[in-house]
Amino acid sequence: MATEVEDTLKRIQAHKGVIGIIVVNADGIPIRTTLDNSTTVQYANLLTQLTQKARSVVRDIDPQNDLTFLRVRSKKHEIMVAPEKDYLLIAIQNPQET
Amino acid sequence: MSEPEKKEVSEKEKETSKQDEKEKDTAQGGKKSPVSGKAKPGSGKRSGTPSKGNKGAAEKGRATPKGNTKAKTKEDVKAPTPDPTGEGEEEEEGLPEGCVPLFMSAKSQEIFGCTCDVDVTEENPIKVIMKADIMEDFFNRAAVCDFHPVKQAVQDFPSDEIVIVYDPDFKFGQNFYIAITEEAKEKILNPFGPEGEGEAGAEKEEEVVYKYIPPESKEWVSHGSEKEIKEENVVENRRRIKISARRIRKEFGAPCNFQDRNVADAKDAYVECTAYEDRTYDLKKIELDKSVQAVPVLVEEGTNTDWRYPRNANTQYYPREFSDKEKETIEKSTDLQTFAKDMVPRFELALQQNEIMDVFYIDWLHLGDADGSFGNKADNHLKEYQSFTDLQFSKDRTITAIQWHPTIKGVVAVAVAEKLSFDERIDNCAKVIMTPSLILIWSFTDPIHPQLLLEAPDDIYSFQFCPSDPNIICGGCYNGQVVLWDISAHADRLKQQRGSNRNKKSNVLPGFEDPNALKTPVVRYCAVSSIENSHRAAITDIQWVPDHMELNRMGVPQENKGLQCCQIMTCATDYCVLVWDTRPVKGPGQLITTKETDKGPKNPIGVPNTFKHLDLSWKPVLKVTLHKSEPGGDHSPVKFSIQERQGDRGSLGKATDGTDLSKEAAMGGGFYTKPGSGKDKRTLQSVKTHFYVGTEDGEIVYVDWMPQKDQDTGKIQTPKPDFYHAIHDGPVNTLQRSPFFKDVVLCVGGWTYTIWKESINSGPILQSSASTVKLSAGHWSPSRPGVFYIAKVDGSVDVWDLLDKTHEPCMTQNVSPVPITSLYPFPVSQKQHLMAVGDTAGTLHILEIPWSLRQPTANEYTGISNYFEREVKRRAFVVSRWDFREIEKRELEQEHKRKMGIAPNVQLSEEEIEYRQKQEYAAYIDEENTFLRELGLKDDDEPLPET
């Protein structure tokens, strides 16, 4: 049921200031996106690496622990990443717009 | 006993022995053995035969010392050296006496039986050879014989046995040496001889009873010591040196006067004492501080990589992507579905947090915006930036107008005029005519020399750069003429960077330099209006009509297709405002001018032909005369202000279409194109044809420039002003629209300033109280809606901030010691606003406007527009109060008059009179009735008797 994913994206997109959402697999290959291709590829590639690194940090500190959510606040945006075993969900929000 | 002493002694011994031998030889002579000759009478034994050699010598040796004390001492001396080394030592010293080195060849060694290291060895070196054998060898081998060098010695040898000694070490040069005397032979053969004798002597001494013999004085024998003593004596061995010094007699006893002098003056005045090593002083180094530090061994190494041939190469990569089909399958996978479902709450939490509040918002950063107005004291005054004055042209003359160059930054033009009143001017007419009237164009790059001088027929009181082409400048003369300049040829000069036009040596051949290259070029005007059609008074204000509109002969604003400024408005105190068109007039005159331009420039050198068609024949297209609404004179304008602004194209959109587009496209604008007929052009309906005029008498006149048909005379002329207010107590000197509100006008005149809003005709929305000094100029701030600058004749500049306070300036700063005539703030760049201030001394001051005065505060525009609205409301209230007061006043007056019993001097109509009489009669009846009722003469019930 593709609609489940579709619904999720719509729900997130409905929030104020959300610029884009990307679904990426574990290898950093985008599956679904609401952004243009080049931006998507860039975000997917860079954030997959960052998330892997962040995850290894959390796990190295405590092997029982795991990363569940990553928020990167920049001057312009806030990037939110939710990592799971096989997939990554990335959302970009402009907090000033809210 | 030390070694040298021993040697000495042994030598002495030898010497004495030799002497002895000699004595003996002389005594006994010839071939007698010296031993025998030596024999003392007391010796017992005696060798009879000298041939006995060794034996005899031994005997003799034993016998010789006997009875001789000297010999005894010799024995003692010899005694400690009994070993053969003693001999060796002696030999080392030199060849023993009477010996000669001898070389024996192997053959000779064989013949004589003395083969080296066989017959003779180092231990036993001595070999005795019979003299006869040698003689035989002489005979056999003659010169080859090894004994040949000593042949004579051998032949003379007294005994038959000759001794040779093996010298294995070649101490004396050969492998053998030969004893050629008997003594030497003895010595070699029997070196121990004396020893044996000594022993024998000792034996003898024991036998002899020691008897004391008193020492006898002996004759002194010289041993050389007297020579030493002699040498020690000091004796004169040469003549003594005599020196005599002389001095002049009169200088004897005179005091000496020592003074410095140069060392080099006299030849031997300077004796140098150089350092040298003192050999008498010798300090041995005993102790030494020393340190050693271990450092790593320094290694130098290098590597060199192979040089590869550089090659261009590129790679291209692309991100991995799923195909649509793959995406679909992934999306359908339950993994992703559950993943998406799980993720949503987390995202919503985060997103909502951001929506509710921006937690990273830094309040401090946004705090400063509110109160940036006058917080910092250090940065709120006008800073002197530069000042310009030209000793020749502008000193002691007054600056009448200032204009910044619209496009080139840092270029400002000023008009200067004589500081004379009208009467003085007439008195000094000759002088005034002779001095050139100029506009000076200054650049910040050169504060001493103006970049350009614009020459005018008479003093310029106002001028302006053309907004669409800054190389065109229009100016208004004191004599009423309008002048045009074209500085296109010198535009580069203005654009040049710092001082380059002064220092440069351009590519000119030597000797052909232009002597005027360094002089400021003077630009002659290229057109001037005809005197008869010009103003009859000094032009006090001049302005280019904005480039999007033009006025036709009827004063109707029309579209200007070329978007080039081509019309000029001027005003002078001859009661009119004129509009001039720079384009050639239609008709035959134009053809002639074009022909003339084709022929080439007939103008004075360097004057472009841009406006040749206008020169001296220029007429205004529109004349706006300013009649007063009531009879009795006209308004004499000095300043005016129209609402349309350069660059504001808003009114174009609302133009009514008068023609089709194809015709419009064919039309061109610019200075040379003919003005199109009125029908071809769209009328700009939204342009307000009313404009403000400030007069010499301090009035503000609001008038429509469009002429209308006068109802009385039927003539077409400017209508009467909508209103005018004589509100200023002196001539108006500034009338300027706010750069932010095009309906707000600042008017400065006399001792006050006023702010007007268009459509409010009842009066100004703000009027200042009278200043203590006269105001000479004013200008809105180009960047802050609520700020304007007022210049005063005491040389100071007031800064007014309407949002700060309106009853007094927020800042007053003195700029010049003499009255200021004009000022012009200008935004040179985003970060630099400069204000040009001109004074009556001819100095142009450039002041830097501080940050607080150029940076608008937050919402300043809204604040100030709200303020104006409030003032408008107040004005409306004032008007309503005026009406109220008027009615009230009238009522009071009436009341007063009635009380005084004076009929109102108002003419009443008949009906009114009748009505009033009726009212009076009714009042009388009423009064009568009440009176009768009181008296009881009249009953209420009783109807009134019929009259």
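Residues numbered from 1 in each chain as written. Chains lettered and ligands numbered in written order. Predicted model: local features only at pLDDT ≥ 70, side-chain atom pairs only at ≥ 80, totals over all residues. Heavy atoms only, no water.

Undergrad: Can you walk me through the overall build of chain A in this structure?
TA: A count of helices and strands for chain A gives 2 helices and 5 strands. Counting from the amino terminus, helix and strand elements in chain A follow one another as α-β-β-α-β-β-β. The long-range fraction of contacts in chain A, counting pairs at least 24 apart against all pairs at least 6 apart in sequence, stands at 38%. With the model as given, the accessible surface of chain A reaches about 5,200 Å², and the carbon-plus-sulfur share is 50%. (Helix = DSSP H or I, 4+ residues; strand = E, 2+ residues; numbered from the N terminus. Contact = heavy atoms within 4.5 Å. Areas by Shrake-Rupley, 256 points an atom, 1.4 Å probe, with all protein chains shown as cover.)

Undergrad: I would appreciate a short explanation of unusual backbone geometry in the present structure.
TA: The phi angle of most residues is negative, glycine excepted, and most peptide bonds adopt the trans form. Residues and elements named next belong to chain B. Phi is positive for aspartate 396, which is not a glycine, with a value near 60°. Its location among the elements puts aspartate 396 in the loop between strand E5 (383–388) and strand E6 (398–404). One non-glycine residue, serine 759, adopts positive backbone phi at about 85°. For serine 759, the location among the structural elements is in the loop between strand E29 (752–757) and strand E30 (766–767). Look at serine 759 and you get exposed, because its relative accessible area is 57%. (Buried < 20%, exposed > 50% of the residue type's maximum accessible area, 1.4 Å probe, protein only.)

Undergrad: Looking at this structure, how should I read the sheet that holds strand E34 (residues 811–814) of chain B?
TA: Note on sheets: strands pair through backbone hydrogen bonds, and any given pair is parallel or antiparallel. Residue and element names in this part refer to chain B. As summarised here, the arrangement of the 4 strands in space is E31-E32-E33-E34, forming an open sheet in which the pairing is antiparallel. In this open sheet, the two edge strands, each paired with only one partner strand, are strand E31 (775–780) and E34. Shown here is a sheet whose adjacent strand axes are inclined to one another by a mean of 20°, direction ignored. Summarising the sheet, strand E33 (residues 796–801) and E34 pair through 4 bridges and their orientation is antiparallel. Bridging across to E34, aspartate 798 finds its partner in threonine 812. (Pairing = 2+ DSSP bridges. Axes fitted to C-alpha atoms, helices over the stretch in contact; angles between N-to-C directions.)

Undergrad: Explain the interface of chain B and chain A here, please?
TA: Often, the extent of an interface is quoted as the loss of accessible area upon association of its parts. Listed per partner, the contact involves 28 residues of chain B and 39 residues of chain A. Taken over both partners, the interface formed by chain B and chain A buries close to 3,200 Å², and the fraction arising from carbon and sulfur atoms is 63%. Among the residues chain B hides against chain A, the three largest losses belong to Phe339(B), Phe347(B) and Asn354(B). Together they make up 20% of the total. Between chain B and chain A we count 3 salt bridges in total. For the salt bridge of Asp358(B) with Arg73(A), the shortest nitrogen-to-oxygen distance reads 2.2 Å. For the pair chain B and chain A, the interface holds 12 residue pairs in polar contact (both at pLDDT 80 or more). Elements with a minimum of two residues in the side of chain B that touches chain A: helix H12 (324–332) and helix H13 (334–356) of chain B. (Buried area = accessible area lost by both parts, 1.4 Å probe. Salt bridge = Lys/Arg side-chain N within 4 Å of Asp/Glu carboxyl O. Polar contact = N/O pair within 3.5 Å; in protein donor to acceptor, adjacent residues only side chain to side chain.)

Undergrad: For this particular structure, what's the right way to read the packing of aromatic side chains?
TA: Aromatic ring pairs are described here by two measures, namely the spacing of the ring centres and the angle between the planes. All names here are of chain B. Tallied over the full model, the rule gives 25 aromatic pairs over all chains. Consider the rings of phenylalanine 640 and phenylalanine 691, whose centres lie 6.3 Å apart with planes at 80°: the pair is edge-to-face. Residue phenylalanine 640 is found in strand E21 (residues 637–641), and its partner phenylalanine 691 is found in strand E22 (residues 690–695); the two are separated by 51 residues along the sequence. As far as burial versus exposure is concerned, phenylalanine 640 and phenylalanine 691 are alike and both buried. Centre to centre, the rings of tyrosine 753 and phenylalanine 788 are 5.0 Å apart; their planes meet at 75°, and the pair counts as edge-to-face. Highlighted residues: tyrosine 753 in strand E29 and phenylalanine 788 in strand E32 (residues 787–792), separated in sequence by 35 residues. Pair check on accessibility: tyrosine 753 and phenylalanine 788 agree, each one buried. (Phe/Tyr/Trp six-rings, centres within 6.5 Å; stacked < 30°, edge-to-face > 60°.)

Undergrad: Looking at this structure, I do not really get the pattern of salt bridges. What am I missing?
TA: One side chain can pair with another of opposite charge once the charged atoms of both are near each other. The tally for this structure, following the rule as stated, stands at 27 salt bridges over all chains. Between Arg32(A) and Glu331(B) there is a salt bridge, and its shortest N-O distance comes to 3.1 Å. Residue Arg32(A) is found in strand E2 (residues 30–33), and its partner Glu331(B) is found in helix H12; the two belong to separate chains. Owing to a relative accessible area of 9%, Glu331(B) belongs among the buried residues under this scheme. Connected through salt bridges with shared partners, the residues Arg71(A), Arg73(A), Glu78(A) and Asp358(B) form a single ionic network.

Undergrad: How do you make sense of the side chain of Gln464(B) when you look at a structure like this?
TA: By the secondary structure assignment, Gln464(B) is in strand E10 (residues 460–465). Dropping the residues within four chain positions of it, Gln464(B) is found in contact with Gln403(B), Ile472(B), Ile473(B), Cys474(B), Ile542(B), Gln543(B) and Trp544(B).

Undergrad: Could you clarify how one ought to interpret the pairing of E2(A) in this entry?
TA: Working note: regular strand, side chains alternate between the two faces of the sheet. All names here are of chain A. Relative to E2, strand E1 (residues 18–25) runs antiparallel, the two sharing 3 bridges. Within E2, the residue paired with isoleucine 22 across the bridge is threonine 33. Connecting the antiparallel pair E1 and E2 is a turn made up of 4 residues, with glycine 28 showing a positive phi of about 85°.

Undergrad: Any chance you could explain a nonpolar patch on the surface here in plain terms?
TA: Residue and element names in this part refer to chain B. On the surface, Ile356, Met357, Val359 and Phe360 cluster together into a nonpolar patch covering about 480 Å² of accessible area. By the secondary structure assignment, isoleucine 356 is in helix H13. Of the residues examined, isoleucine 356 reaches a relative accessible area of 73% and is grouped as exposed. (Patch = residues over 30% accessible without salt bridge, like charges linked within 9 Å, V, L, I, M, F, W, Y side chains within 5 Å.)

Undergrad: Help me out: how do you make sense of the sheet that holds strand E1 (residues 99–102) of chain B in this one?
TA: All names here are of chain B. Pairing in this open sheet of 4 strands is antiparallel, and the strands run E1-E4-E3-E2 from one edge to the other. Every other strand in the sheet has two partners, leaving E1 and strand E2 (126–130) as the edge strands with one partner each. Going from strand to strand, the sheet's axes swing by 30° on average, the running direction of each strand aside. The pairing of strand E3 (residues 161–166) with strand E4 (residues 176–179) spans 3 bridges and is classified as antiparallel. Within the sheet, the bridge partner assigned to isoleucine 164 lies in E4 and is isoleucine 178. Lying over the sheet, helix H7 (residues 131–141) contacts E2 and E3, oriented at roughly 70° with respect to E2. Each of E1, E2, E3 and E4 touches helix H9 (residues 182–189); the most contacted strand, E3, lies at about 55° to it.

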